[in-house]
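# Chains, contacts and geometry: an overview
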Amino acid sequence: MEQIAKEKFQVVGAKASDAEKISKPSLSFWKDVRIRFRKNKLAMFGIIILILLIIMAIFGPYMTKFDYATNDLMNTNKEPSGTHWFGTDDLGRDMFARTWQGARISLLIGVMAALIDFVIGVTWGGIAGFKGGRVDEFMMRIADILYGVPYLLLVILFMVVLGANLTTMILAMTITGWINMARIVRGEVLSLKNQEYVLAAKTLGASVTRIMARHLIPNAMGSILVTMTLTIPNAIFTEAFLSFLGLGLTPPLASWGTMANDGLAAIQYYPWRLFFPAVLIALTIFAFNVIGDGLRDALDPRLRNKE
Amino acid sequence: MVKYISKRLLYMVLSLFLIITATFFLMRIAPGNPFTSEKKLPPEIEASLNAHYGLNKPWYAQYGDYLVRIAQWDFGPSFKYESRTVNDLINDGFPVSLALGAEAILFAVAIGILLGVIAALRHNKWQDYTAMIIAVFGISVPSFIMATFLQYIFAIKLGLLPVARWDNFSNTILPALALGATPMAFIARLTRSSMLEVLSNDYIKTAKAKGLSRGAMIMKHTIRNALMPVVSYMGPLSAGIITGSFVIEKIFGIPGLGSHFVLSISNRDYTVIMGVTVFYSILLLVSILLVDIAYGLIDPRIKLAGGKKGE
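Small disclaimer: the values here were computed from a predicted structure and weren't measured. Counting from 1, residues in each chain are numbered in the order their sequence is written. To label them, take the chains in the order written and letter them from A, then take the ligands in the order written and number them from 1. For this predicted model, a pLDDT threshold of at least 70 governs which residues receive local features, and a threshold of 80 or more governs which side-chain atom pairs are given and counted, while totals over whole chains, interfaces and linings are taken from all residues. Calculation of side-chain values draws on the structure's entire complement of heavy atoms; hydrogens and water are dropped beforehand.

A:Ile156, A:Leu245, B:Phe144, B:Phe246, B:Phe261 and B:Tyr280 are the most contacted members of the largest nonpolar core, which totals 165 residues. Among the elements that line this core, the one with the most residues is helix α10 (residues 272-299) of chain A, at 16 residues. Among all residues touching B:Phe261, those that are not within four sequence positions of it are A:Leu153, A:Ile156, B:Phe246, B:Ile273, B:Val276, B:Thr277 and B:Tyr280. Among the buried residues, those of types Ala, Val, Leu, Ile, Met, Phe, Trp, Tyr and Cys that are joined through side-chain atoms within 4.5 Å form a nonpolar core. A simple rule labels every residue: compare its accessible area, found with a 1.4 Å probe on the protein chains alone, to the largest value its type can have, and call it buried under 20%, exposed over 50%, or partly exposed in between. Core analysis: the next-biggest nonpolar cluster, separate from the first, contains eight residues, A:Met139, A:Leu146, A:Ile179 and A:Ala182 among them. Secondary structure elements are taken from DSSP: a helix is a run of H or I of four residues or more, a strand is a run of E of two residues or more, and numbering for both begins at the N terminus. Whether two residues are in contact is decided by their heavy atoms: any pair within 4.5 Å suffices.

Take the packing of aromatic side chains next. Centres within 6.5 Å are what make two rings of Phe, Tyr or Trp a pair, Trp counting through its six-membered ring; a difference in plane orientation under 30 degrees is then read as stacked, over 60 as edge-to-face, and the rest as tilted. Evaluated as defined, the whole model comprises 16 aromatic pairs over all chains. Taken together, a centroid distance of 5.2 Å and an interplanar angle of 55° make the contact between A:Trp124 and A:Trp178 tilted. One end of the pair, A:Trp124, is in helix α3 (residues 95-131); the other, A:Trp178, is in helix α6 (residues 166-192), and 54 residues separate them in sequence. Exposure remark for A:Trp124: the relative accessible area of 23% places this residue in the partly exposed category. Each ring, one from B:Phe25 and one from B:Tyr63, has its centre 5.3 Å from the other, and the planes form 45°; the classification is tilted. Here B:Tyr63 lies in helix α3 (residues 59-71) and B:Phe25 lies in helix α1 (residues 2-29), a separation of 38 residues in the sequence. Taking the relative accessible area as the measure of exposure, B:Phe25 reaches 30% and is therefore partly exposed. Put simply, the rings of A:Phe237, A:Phe241, B:Phe94, B:Phe246, B:Phe261, B:Phe279 and B:Tyr280 touch in pairs and so form one group of aromatic residues.

Turning our eyes to something else, we now look at a positive patch on the surface. Here a patch means residues that are over 30% exposed by relative accessible area and free of salt bridges, tied together within 9 Å if like-charged and within 5 Å if nonpolar (Val, Leu, Ile, Met, Phe, Trp, Tyr). In short, Shrake-Rupley with a 1.4 Å probe defines the accessible areas, and a residue's cover is counted only from the protein chains shown. Think of a salt bridge as a Lys or Arg side-chain nitrogen and an Asp or Glu carboxyl oxygen that are within 4 Å of each other. Positive: Lys, Arg. Negative: Asp, Glu. His and the chain ends are not part of the count. Where a charge lies is defined by one atom per residue type, namely NZ (Lys), CZ (Arg), CG (Asp) and CD (Glu). A surface patch of like charges, here positive, comprises B:Arg122, B:Lys125, B:Lys208 and B:Arg214. With respect to the helices, strands and loops of the structure, B:Lys208 is situated in helix α8 (residues 202-209).

Encoded structure:
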């Protein structure tokens, strides 16, 4: 090996006083997550789409003078124009008003399904994880058995029997939907409950509920949020799927699923009737998916580096 | 291994029992009886029909009969179409659905892996972005919309492929594409991320260092390891293909089990709905079990004996 002369080395300057200096302000976990999330262009794009969708769902139905449920048999199947911006359907109902009314219902179904999954899943998984032992074993075995039941088939069955309306639809989706959440929460609680701060809280006499609500759930919030974001597009997709099977909401109520299903029948002659709901379903599913992925990457930077 | 499989079998049977019980009781609380129709039946005929189908027995006897019949692979009669049983429908429609499903799975796996591998090898280059845009598109567009657009563009507007029916190979192309699009996208994403993970491993560096050609390195050391998550995705994949087939078969007018099922839903033919649901559940649970066992056999890192994965 080549010998390197000592003169070739030089001190570039590392002062002892600088060693302890903090170069960056310290960030809380969520601030850090926010910064990482903002750098993800695709996820930010998803957020923008989602905000626009929500704004339109709130104000869209008031932007046109037409009502979503009023038939106008003189103006059926009109192409998109200055008066009817998205055209009209086979009963002359304004597609623009219907589309945004449908946005409300589709988003409502998605959000409600995610919220109910959240409540049941967090309670079930939280208790199972925290109690451990026999209770955990028993609760998770029930979840395992339910998990084996095919989701969509069960949803179809419920809709056939109970009849299609908003409540039964959300109910049917959450019957087995919460299990995924319960499993994730249980896993998180299992790994968190032996941390020192939980012991400290216990020592101070905090109740189980308080420990769960103040310490365990907030710390598991990352994975919970990701799961919820990915539940919403799934529910919107399921709604569209059920509508296609004729198990959707009954008219004049409109959801994107029922509108797309109506549009399917008329695609040869009036393609715009499928176009608007279809594009919106796809955009919404897309937006929630990229937001969910972005959140997951932002919460766990280790995963991000792998991708 | 034996312990693991028997444990999984037990859960499978329990899940199955649950779904059979759920279907049975749900169908009992469903509005109307099986013979409700526009024409009011004379009470004598209704009584004899009830006796014929065992509906005059108390519910627990009916339930017991039902369990026994399922165990004998008898899914019951159809109430709307006399002389047709659910078994007939299955024998008639399932081979068609299976052919369509197999073609869709083949397409999804082949193209999905190809896209994923290309994306990973050309990480952050245009090939990667293109592949991932295709994948995001496939995930975001529900299959029935994909099917309708494919039908509209390739069959109605361009006239390249037949619009519907099920006669020869050209009939199968569009349905298989529509059915396989979403799983294809999932597989592409899975393959890409696991390829990237594998590529960052030290043994890949070793392989490069010892002068292995790029092709040999990818074939021998990367793809095999990267495909493990894809294998575990085969379970959900079969579920997706089955539920997807309802929609696709209806749109393309394919006489498979899926379209029979959809028809029975719109006819409210409760016994058929019940029988086909149970059949699909058995099919799904068995295929998921097989996938899990296969996964354990291929991947030596997984110890099946413990039974608790990922804990």
